[in-house]
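Read off the chains here:
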There are 2 protein chains.
Amino acid sequence: MDEHLKNSVGIVETRTLRVVSADDKLGLQCGKSLGPIDVAYETYGALNDSGDNVVLICHALSGNAHVAGFNSAGEKKPGWWDIMVGPSKAIDTNKYFVICSNFLGGCSGTTGPSSINPETKKPYGLDFPIITIADTVNVQKLLLDKLGVKQILAAIGGSMGGMQVIQWSIAYPDFVRSALAIASTTKLSAQAIAFDAVGRSAVLGDSKFAGGQYHDSEGPDRGLAIARMIGHITYLSEESMRQKFGRELRSSDDYRYDLNSEFSVETYLDYQGQTFVERFDANSYLYITKAMDYFDVARDYGTLEHAFSNISCRFLVVSITSDWLFTPKQSQDILDALVTCGKNVTYCNISSPYGHDAFLLEPKTLGAIIRGFIDTTHDPLNRLEGSVGDSHKHKHSARVDRAKRARVDYELISSLIEKESKVLDVGCGDGELLSRLIVGKQVVGEGIELDQDLVVHCIGRGISVVHRDIDEGLGEYATDCFDYAILSQTLQTVKDPEKVFRELLRIAKKVIVSFPNFGHWKCRLQLLLKGHSPRTRQLPFRWYDSPNIHCLTLKDFDEFCEELGANVEKKIPISKHRRSAIRFLPNILADQAIYLTSKYEG
Amino acid sequence: MDEHLKNSVGIVETRTLRVVSADDKLGLQCGKSLGPIDVAYETYGALNDSGDNVVLICHALSGNAHVAGFNSAGEKKPGWWDIMVGPSKAIDTNKYFVICSNFLGGCSGTTGPSSINPETKKPYGLDFPIITIADTVNVQKLLLDKLGVKQILAAIGGSMGGMQVIQWSIAYPDFVRSALAIASTTKLSAQAIAFDAVGRSAVLGDSKFAGGQYHDSEGPDRGLAIARMIGHITYLSEESMRQKFGRELRSSDDYRYDLNSEFSVETYLDYQGQTFVERFDANSYLYITKAMDYFDVARDYGTLEHAFSNISCRFLVVSITSDWLFTPKQSQDILDALVTCGKNVTYCNISSPYGHDAFLLEPKTLGAIIRGFIDTTHDPLNRLEGSVGDSHKHKHSARVDRAKRARVDYELISSLIEKESKVLDVGCGDGELLSRLIVGKQVVGEGIELDQDLVVHCIGRGISVVHRDIDEGLGEYATDCFDYAILSQTLQTVKDPEKVFRELLRIAKKVIVSFPNFGHWKCRLQLLLKGHSPRTRQLPFRWYDSPNIHCLTLKDFDEFCEELGANVEKKIPISKHRRSAIRFLPNILADQAIYLTSKYEG
């Protein structure tokens, strides 16, 4: 075997299946109908007996069915996501049956505007009907039916691929067990539509476009290249362009003082435009960008929440911090709608400088997330049970430090929680407490965590976790949607404890809070007698380097609860020497405390 | 007078002056020479007897000399910056003699590629030499010489206009008293070059471009429109596009399912492209964008610091938070280089959703800043003396609250500072302390402040102030560049007091720190006896809503100084009842303290 075929699915073939015949045309969202429809697709791995190992990959604007491996021994570059798909890779072809098909309207084997119109015997050109994301998903469904697939373990895609994943989860809720939408959105922003529109304008305005019937001549290469150049700028971030090109000149140290391309970034874009023209059809570009512009789940279904109300899959939403085309905010809108609907959703905002393209360029973090999510969807309980006690080892994180210190109160917190209840752990760290509660108390558990590494760790355990800063609020959670919310060793580190606690009291029937007691006798005496800011085992920091930006005592918290209208149902003052509650002078003798509180109903 | 002429400079004329003759060509940066050169310009107001009231406005890419007023009674829209320039406006034509000229290479009256080449008697087209920002500034200087101007009070411009302002300050340091660079940069980013390059590519690739000799035919209108559409997207922010257009459709509630422009943002861009083509020359677009791409002060002068080393003007740098074409980071690079050179610089990062275009759309904030800066450059001392005691009234700012509380220690701090020294006030608030020190002690004073309103207030007083968060560091300040740094009632509110204090000890010979004493007897007793987090007159906040995220005592600060290698030269414990130092049990009886510290040499 050639060297470059190792660690890949090897030589693969793009096959084509006719999923719609000429006689029995498919009705499209635009009102027209289309037939015949052929679909180009590739598969890797094998469908298992139970049929529960299908991973459907949906490609982005310029992609195609050739995801991984090589179409011939001579091919230099493997498929577009080879980095992620293959034996023992994040999407493991030893375990899963992977399918990807070319988008309807595309130009890589699936029926599109460059296909022959049976009525005219010439390429469709602009006579091709407008297609939508929903249409292409319907066509993919027909393909899967023909392939004998009864259920998708995971539908996954980035960018426009993520749009298809979202559409799958809504249109075929019983068919999809999990959906992974990466760097995606339920609707393009005005800015993204604007970029698409300028690109289309460049193609349509090219004098060689010839009304779309350019197939016997040169074609609108210049316009299509312009469109691709614009696209490429939007796929990168300002930072990644700075790192990659800066203001470097292509071939000289001196300015040439003419109008030709001269900066490296210019020649890079020229090259990208040129190579794109060689492999992509201008009409397909028009149709596919229009399909993206039209995609608007809330418009199709009334509201996003209404669209999501019937989905039944686990959902993973991933965004990229530096992605300005499909922004983290847009992913968070998906997250928020799913949370509002009470759906099972996990979210991670990957810190990366690579912009929208990071979904192709961050194999390590993204790979760990995808692998963890798909594997734990496939085999949830085994993995979770195996992981209890397997706390994340991570040296340089204050959060981990906190998680470690918090562990002493896991047992006590656990004792406060009833079996089979619904629990939110705010600042869930590596997910250890949630794992214990899910395994030991059969709770339905979810976490919120700020640290990316810990979020990835939770995903690997199969825990649903949302990557966010609770100081930003919890407004999308419905009132009383949890039986318990847990805030362990976190209250004193948030910016606005009042806002956070009020929100938790709203969304959960009971709120469990633990915090270090600043009123411990050692603190009191240190301030009184030594005149300096207290440092104890429980509060080990100096005044200027403490993550605890609020200092509170048990009495402070009692008053706080009263002020905010919270009942204190249980109060467990503890110290490192005594794991059971301290009854005598708790505000003096306890170095921390656990409270069980609830809304005051009265 | 017509209604629309009121509040404007009225009817104005664009004049043209020949500044370079055909016989005596001007040498350009590219090595070629050009002549004749005519310059189109407008002026408003009158040059005063002392000649110290000249304001030079430099226009941006698509601007021209027509800044304000109307070129005819029938003109519907006034000049491009009428909102800012006119009688009693921010740039007050009752006081100042305002000049603006069309850019060299432009198409609004100044010699450019559409001018007649004397050698061929035809328009230059692509025979026009490449021009640079430096060339256009040199041509502006020739114009000012012809107009009898001996000195510029203020050179001001946004975007490419700001590039010219920067070039003015460097190329003619003795000629410029103040420079105002708004939403500008000393060099375009790779991303901005990329957008320019795609725009030029669209023009050059238009089949009607005809090698630049399109003057007798239709011209590359489609390509130029595409370039302008791209530009327009970059001038707006994602947020402003969302607010302005969202996903609204132009003329129907339903999708039309065709490839025509349909979303409002599409038809807006179509319109912008179309109208631009009617008023702008494609060749000028190529030359001017290239001039912007080539502008790179560090490249021309070795480093930015070297470029700025000889400037002598006051400098104002303004950026827009949502500007992603000329980013705040790029403005901060200008700021940092000026600070490193020890120049007089003021910076404000205006909070606005309008993106790059905000420099045309934020008349209130930007107007106050420009007015304040120019007026206090023109007439510095009068304004400052008049303002002492005139503290900023502002209700809803914790910073103002702090500034108010700080005032009780102004006298004591002032007593520690020697006359005619150089002082940095970190967290300078409304500039009251600095005003007193400048007027009373003749110090050279600068401030740093986080709150935008307070920054604008300082600028109105003529105080040099930098709008920034000190938690981001002070690395660009040279070692020992101040005699005193003052940190009044701020140490306990910064994220990393150690980093901030170390930096202040590095950049100033002496550091004055004041803070509330958490070791005051009332605090001690409240914690000891009542068991809750202390609340006193000096520390009036509850544990959960305090801006003081660190609690320290006098003893803590003593130890902190020792640990960081700082000498405590003076320590003035005070209380609200006693304005002089408390000598007996200061860590118990003082409710705040002022320290004079210095680096430990030794």
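Basis of the calculations
- Residues numbered from 1 in each chain as written.
- Chains lettered and ligands numbered in written order.
- Predicted model: local features only at pLDDT ≥ 70, side-chain atom pairs only at ≥ 80, totals over all residues.
- Heavy atoms only, no water.
- Helix = DSSP H or I, 4+ residues; strand = E, 2+ residues; numbered from the N terminus.
- Buried < 20%, exposed > 50% of the residue type's maximum accessible area, 1.4 Å probe, protein only.
- Contact = heavy atoms within 4.5 Å.
- Areas by Shrake-Rupley, 256 points an atom, 1.4 Å probe, with all protein chains shown as cover.
- Patch = residues over 30% accessible without salt bridge, like charges linked within 9 Å, V, L, I, M, F, W, Y side chains within 5 Å.
- Salt bridge = Lys/Arg side-chain N within 4 Å of Asp/Glu carboxyl O.
- Lys, Arg positive; Asp, Glu negative; His and termini not counted.
- Charge placed at Lys NZ, Arg CZ, Asp CG, Glu CD.
- Core = buried A, V, L, I, M, F, W, Y, C linked by side-chain atoms within 4.5 Å.
- Buried area = accessible area lost by both parts, 1.4 Å probe.
- Polar contact = N/O pair within 3.5 Å; in protein donor to acceptor, adjacent residues only side chain to side chain.
- Axes fitted to C-alpha atoms, helices over the stretch in contact; angles between N-to-C directions.
- Parallel < 35°, antiparallel > 145°, perpendicular 65-115°, else oblique.
- Left-handed = near helix turned anticlockwise from the far one by under 90°.
- Nonpolar A, V, L, I, M, F, W, Y, C, P; charged D, E, K, R; others polar.
- Least-squares fit on C-alpha atoms with pLDDT ≥ 70 in both.
- Disulfide = S-S within 2.5 Å.
- Phe/Tyr/Trp six-rings, centres within 6.5 Å; stacked < 30°, edge-to-face > 60°.
- Lys NZ or Arg CZ within 6 Å of the ring centre and 35° of its normal.

Asker: Hey, could you run me through the overall build of chain A in this one?
Answerer: In terms of regular secondary structure, chain A is built from 21 helices and 21 strands. C-alpha extents for chain A along the principal axes are approximately 90 × 65 × 55 Å. For chain A, the proportion of its 602 residues judged to be buried stands at 62%. Residue pairs in contact within chain A that sit at least 24 positions apart in sequence constitute 72% of those at least 6 positions apart. Within the structure as shown, chain A displays about 22500 Å² of accessible surface, and the carbon and sulfur contribution to it stands at 48%.

Asker: Just checking my understanding: could you explain a positive patch on the surface for this structure?
Answerer: Residues A:Lys495, A:Lys499, B:Lys495 and B:Lys499 make up a contiguous surface patch of positive charge. By the secondary structure assignment, A:Lys495 is in the loop between β18 (482–488) and α18 (497–507). A:Lys495 sits in the exposed class, given a relative accessible area of 61%.

Asker: Help me understand the nonpolar core, please; the structure alone is not making it clear to me.
Answerer: Across soluble globular proteins, nonpolar side chains show a tendency to be buried alongside one another. Core analysis: the largest hydrophobic core is formed by 262 residues, its most contacted members being A:Phe315 and B:Phe315. Residue contacts for A:Phe315: discarding those within four places in its chain leaves A:Ile166, A:Ser169, A:Ala179, A:Ala181, A:Phe308, A:Leu338, A:Asn344, A:Val345, A:Thr346 and A:Phe373.

Asker: Looking at this structure, I do not really get the pattern of salt bridges. What am I missing?
Answerer: If the charged atoms of two oppositely charged side chains come close together, the side chains can form a pair. Applying the stated criterion to the full structure yields 51 salt bridges over all chains. A salt bridge links A:Glu503 to A:Arg506; its shortest N-O distance comes to 3.2 Å. Of this pair, A:Glu503 and A:Arg506 both sit in helix α18, separated by three residues, roughly a single helical turn. Residue classification places A:Arg506 among the partly exposed positions, given a relative accessible area of 23%. A salt bridge links B:Arg461 to B:Glu432; its shortest N-O distance comes to 2.7 Å. Here B:Glu432 lies in helix α16 (residues 432–441) and B:Arg461 lies in helix α17 (residues 452–461), a separation of 29 residues in the sequence. With a relative accessible area of 3%, B:Arg461 lands in the buried category. In this structure, a network of salt bridges that share partners links the residues A:Arg200, A:Asp293 and B:Glu266.

Asker: Even after reading the chapter, I still don't get the interface of chain A and chain B, so can you show me in this structure?
Answerer: A common way to state how big an interface is: give the accessible area lost once the parts meet. Across the contact, 88 residues belong to chain A and 87 residues belong to chain B. For the pair chain A and chain B, the summed buried area comes to about 7500 Å², and 64% of that belongs to carbon and sulfur atoms. The largest contributions to the chain A side of the interface with chain B come from A:Tyr257, A:Leu259 and A:Trp543, which together make up 12% of the buried area. Here B:Asp296 ties to A:Arg247 by a salt bridge, and the two come within 3.0 Å at their closest N and O atoms. Here chain A is connected to chain B by 43 residue pairs in polar contact (both at pLDDT 80 or more).

Asker: What is the right way to read the packing of helix α3 (residues 190–205) of chain A against helix α4 (residues 221–235) of chain A from this model?
Answerer: When two helices pack together, their arrangement is captured by the angle between the axes and the distance separating the axes. All names here are of chain A. The interhelical angle for the contact between α3 and α4, taken along N-to-C directions, is 165°, at an axis separation of 7 Å. Taken together, the axes of α3 and α4 lie roughly antiparallel to each other. Two packed elements cross with a definite hand, and for α3 against α4 that hand is right-handed. Residue-level contacts link Phe195, Val198, Gly199, Ala202 and Val203 of α3 to Gly223, Leu224, Ile226, Ala227, Ile230 and Thr234 of α4. Residue composition of the contact of α3 with α4, grouped by class: eight nonpolar, three polar and no charged.

Asker: Teacher, can you tell me more about the relation of the copies chain A and chain B here?
Answerer: Mapping between the two copies of the chain is achieved by a rotation about an axis and a shift along the axis. Once turned by 180° and shifted 0.1 Å along the axis, chain A lies on chain B with an RMSD of 0.1 Å. Those values place the two copies in the arrangement expected of a two-fold rotation axis. In terms of proximity to the rotation axis, the leading residue of chain A is A:Ile549, whose C-alpha is 2.3 Å off the axis. Of all interface residues in chain A, 99% are interface residues in chain B too; the two copies therefore contact each other through one and the same surface.

Asker: Any chance you could explain the state of the cysteines here in plain terms?
Answerer: Disulfides are covalent bonds that connect the sulfur atoms of two cysteines. By the definition in use, this model includes zero disulfides over all chains. Residue A:Cys428 stays outside any disulfide, its sulfur separated by 4.0 Å from that of A:Cys458, the closest cysteine. What makes A:Cys428 buried here is its relative accessible area of 3%. With no disulfide partner, B:Cys348 has as its closest neighbouring cysteine sulfur the one in B:Cys458, 10 Å distant.

Asker: For this particular structure, what's the right way to read the packing of helix α18 (residues 497–507) of chain B against helix α20 (residues 554–564) of chain B?
Answerer: Residues and elements named next belong to chain B. Where α18 contacts α20, the two axes come as close as 11 Å, and the packing angle between them is 60°. Between α18 and α20, the interaxial angle falls into the category oblique. In the crossing of α18 with α20, the sense of the turn from one axis to the other is right-handed. Only Phe557, Phe560, Cys561 and Leu564 of α20 make contact with α18, whose side of the interface consists of Pro497, Glu498, Phe501, Arg502 and Leu505.

Asker: In this structure, what is going on with the packing of aromatic side chains? I would like to understand it.
Answerer: The geometry of an aromatic ring pair comes down to the distance between the two centres and the angle between the two planes. Inspection of every chain in the model, using the stated rule, returns 51 aromatic pairs over all chains. Judged by centre distance (5.5 Å) and plane angle (90°), the rings of A:Phe128 and A:Tyr287 are edge-to-face. Of the two residues, A:Phe128 is situated in the loop between β10 (122–123) and α1 (133–146) and A:Tyr287 in helix α7 (residues 282–294); the sequence distance between them amounts to 159 residues. Side by side, A:Phe128 and A:Tyr287 carry an identical accessibility label, which is buried. With 5.7 Å between their ring centres and 25° between their planes, A:Phe515 and A:Tyr595 make a pair best called stacked. In this pair, A:Phe515 is assigned in strand β19 (residues 508–516) and A:Tyr595 in strand β21 (residues 592–599), connecting sequence segments 80 residues apart. You can call A:Phe515 buried: its relative accessible area is 0%. You can call A:Tyr595 buried: its relative accessible area is 0%. Site record: aromatic cluster; members linked through ring pairs are A:Phe501, A:Phe515, A:Phe557, A:Phe560 and A:Tyr595. Seen from the ring of A:Phe175, A:Lys141 lies directly overhead, with NZ or CZ sitting 4.7 Å from the centre. A cation sits over an aromatic face here: B:Arg299 above A:Tyr255, 3.9 Å from the ring centre.

Asker: What is the right way to read α16(B) from this model?
Answerer: The periodicity of an α-helix, 3.6 residues per turn, causes residues three or four positions apart to be oriented the same way. Residues and elements named next belong to chain B. Summarising burial for α16: seven of the ten residues are buried, a large majority. Among all positions of α16, only Glu432, Leu433, Leu434, Ser435, Leu437, Ile438 and Lys441 are buried. One or two steps after α16, the chain reaches Gln442, where phi turns positive at roughly 50°.

Asker: Any chance you could explain a nonpolar patch on the surface here in plain terms?
Answerer: Residues and elements named next belong to chain A. A surface patch of nonpolar side chains, about 590 Å² in accessible area, is lined by Trp521, Leu525, Leu529, Phe584, Leu585 and Leu589. Mapped onto the elements of the fold, Leu529 is located in helix α19 (residues 521–530). Under the relative-accessibility criterion, Leu529 is labelled exposed at 63%.

Asker: What is the right way to look at the environment of B:Lys419 in this model?
Answerer: Residues and elements named next belong to chain B. Among the secondary structure elements, Lys419 is positioned in the loop between α15 (410–415) and β15 (422–426). Here Lys419 falls in the exposed class, since its relative accessible area comes to 55%. Among residues more than four places away in sequence, those in contact with Lys419 are Gly440, Lys441 and Gln442.

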